[in-house]
Amino acid sequence: MPANLPPEYKRTEEKLRRAKTIEEKIEIVQKLIALLPKHKGTDKLYADLKRKLSKLKEMAEEERRKTARYDPFLIKKSGAGQVVLLGFPNSGKSSILKALTNSNPEIADFPFTTVKPNLGMMEFENVQIQLVDLPPIHRGHVDPLMMNAVRRSDGMLLIFDAGNDEILDEYEYILKVLRERKIEPYWDRIEDEMDVGWIGLRAMIVVNKMDRDYAEERFEMLMEFVNSRFPVVPISVVEGRNLEELKRKIFELLDIVRVYSKRPGKPPDYEKPFVLRRGSTVLDLAEEIHKEFSKKLKGAKLWDMERRTYRFVERNYEMKDGDVIELVI
Ligand SMILES: Nc1nc2c(ncn2[C@@H]2O[C@H](COP(=O)(O)OP(=O)(O)OP(=O)(O)O)[C@@H](O)[C@H]2O)c(=O)[nH]1
Ligand SMILES: [Mg+2]
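A. Expanded view of the packing of aromatic side chains. Under the definition given, this model contains six aromatic pairs. Measuring from centroid to centroid gives 5.0 Å for F124 and F251, while their planes differ by 25°, and the two rings are stacked. Within this pair, whereas F124 is found in strand β2 (residues 118-124), its partner F251 is found in helix α8 (residues 243-253), the two being separated by 127 residues in sequence. Of the two residues examined, F124 and F251, each falls in the buried class. Pairwise contacts between aromatic rings join F160, Y171 and F225 into one cluster.

Next comes the structure, spelled out in structure tokens:
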């Protein structure tokens, strides 16, 4: 042992002997390295500590790998927004995903077919929207990992089977499950201030299997019960009924606007809209395009491409879906 080690070093070294967890040990060794006077006499000790530290870090990493739980509901977002499909078993969630996207999930006439989320991209005009078909909600255990995925999404479809007599009970049950997870589903607006930990999530209702007997009656009953709180879209995947309308409504659910940026003297590119949250301003658009740009921004020309005229709008102008914007700096 080289001489001249400060007393604090010795004290810390003593702590290392008593440390229990790998994390504690890492922290102490790092402290030792910092406390060690650096000179020829301590070279070897320094190298030993470094080796010890890297060994401990390896062990910590190994531990993390072993304990980390694989979460199949951690879904990377893509496209203009992510919409989850939630509903009781057999209501047709996977069938809807298959009908609206290029995905080919397992579909069967018995419940609990889907056990892991299925993803697909839905094309609506010039935007792509990500749909996530989830395992069913039921009256037993609700997977908290699944509900976390709902929380992270940008909107949800509550799916019901028009052939099912339990439709109202199921609706109430799903609302209860959402409440338990501090999710407030809404379409119009949330009037009251939300408590800490709560989130608002845009939601709408899809009544599938409208081809079944007495479907119309059940649909009417649910409509009345929902009482305009959410839009209710009746569809039939089997008959291909109302699917285009459903797509448009899913786009509306996301509450986004598409705006087209135009350079001076050039036409806008209608294939590539900028997709922003409703309420976004010209300044938000400029920031999206280039941070530097936004600092110098004066406002924008809002074009009427048919008449080839424009009017000047301020930086805080809230853009509407379809606006053609030429930023002015
Ligand atoms: N009559 C009728 N049957 C449908 C319709 N859509 C789906 N189905 C049938 O309903 C059954 C269940 O469909 P799925 O898409 O697997 O239902 P799911 O909600 O994904 O079911 P889980 O994964 O178990 O929650 C299948 O037999 C489908 O063919 C429809 O519009 N009309
Ligand atoms: Mg399914």
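B. Structural detail: the site of ligand 1. As a matter of local geometry, ligand 1 sits amid 22 residues, with K93, S95, F112, T114 and D211 nearest to it. K93 is positioned such that a nitrogen or oxygen atom in its side chain is 2.7 Å from an oxygen atom of ligand 1. At a separation of 2.7 Å, an oxygen atom of ligand 1 approaches a polar side-chain atom of T114. In isolation ligand 1 exposes 660 Å². Once the protein is present, 87% of that is buried. Ranked by residue count, the leading element in the shell around ligand 1 is helix α4 (residues 93-100), at three residues. Of the residues contributing to the shell around ligand 1, the split by class is eight nonpolar, nine polar and five charged.

C. Local environment of helix α5 (residues 144-152). Listed in full, the buried residues belonging to α5 are L145, M146, M147, A149 and V150. Where α5 is buried, its residues contact β1 (82-87), β4 (155-161), α6 (167-180), β5 (183-186) and β6 (199-208). One side-chain oxygen of the residue at the start of α5 lies 2.8 Å from the amide nitrogen of L145, identifying that residue as D143.

D. Main features of the pattern of salt bridges. Scanning all chains against the criterion turns up 25 salt bridges. Close ionic contact of R17 with E14 constitutes a salt bridge, the shortest N to O distance being 2.8 Å. Placement of the pair is R17 and E14 together in helix α1 (residues 7-18), with a separation of three residues, close to one helical turn. Classification of R17 by relative accessible area gives exposed; the value is 60%. Three or more residues joined by partner-sharing salt bridges are found here, namely E61, E62, R64 and R65.

What counts, and where the lines are drawn
Residues numbered from 1 in each chain as written. Chains lettered and ligands numbered in written order. Predicted model: local features only at pLDDT ≥ 70, side-chain atom pairs only at ≥ 80, totals over all residues. Heavy atoms only, no water. Phe/Tyr/Trp six-rings, centres within 6.5 Å; stacked < 30°, edge-to-face > 60°. Helix = DSSP H or I, 4+ residues; strand = E, 2+ residues; numbered from the N terminus. Buried < 20%, exposed > 50% of the residue type's maximum accessible area, 1.4 Å probe, protein only. Near = heavy atom within 4 Å. Polar contact = N/O pair within 3.5 Å; in protein donor to acceptor, adjacent residues only side chain to side chain. Areas by Shrake-Rupley, 256 points an atom, 1.4 Å probe, with all protein chains shown as cover. Nonpolar A, V, L, I, M, F, W, Y, C, P; charged D, E, K, R; others polar. Contact = heavy atoms within 4.5 Å. Salt bridge = Lys/Arg side-chain N within 4 Å of Asp/Glu carboxyl O.

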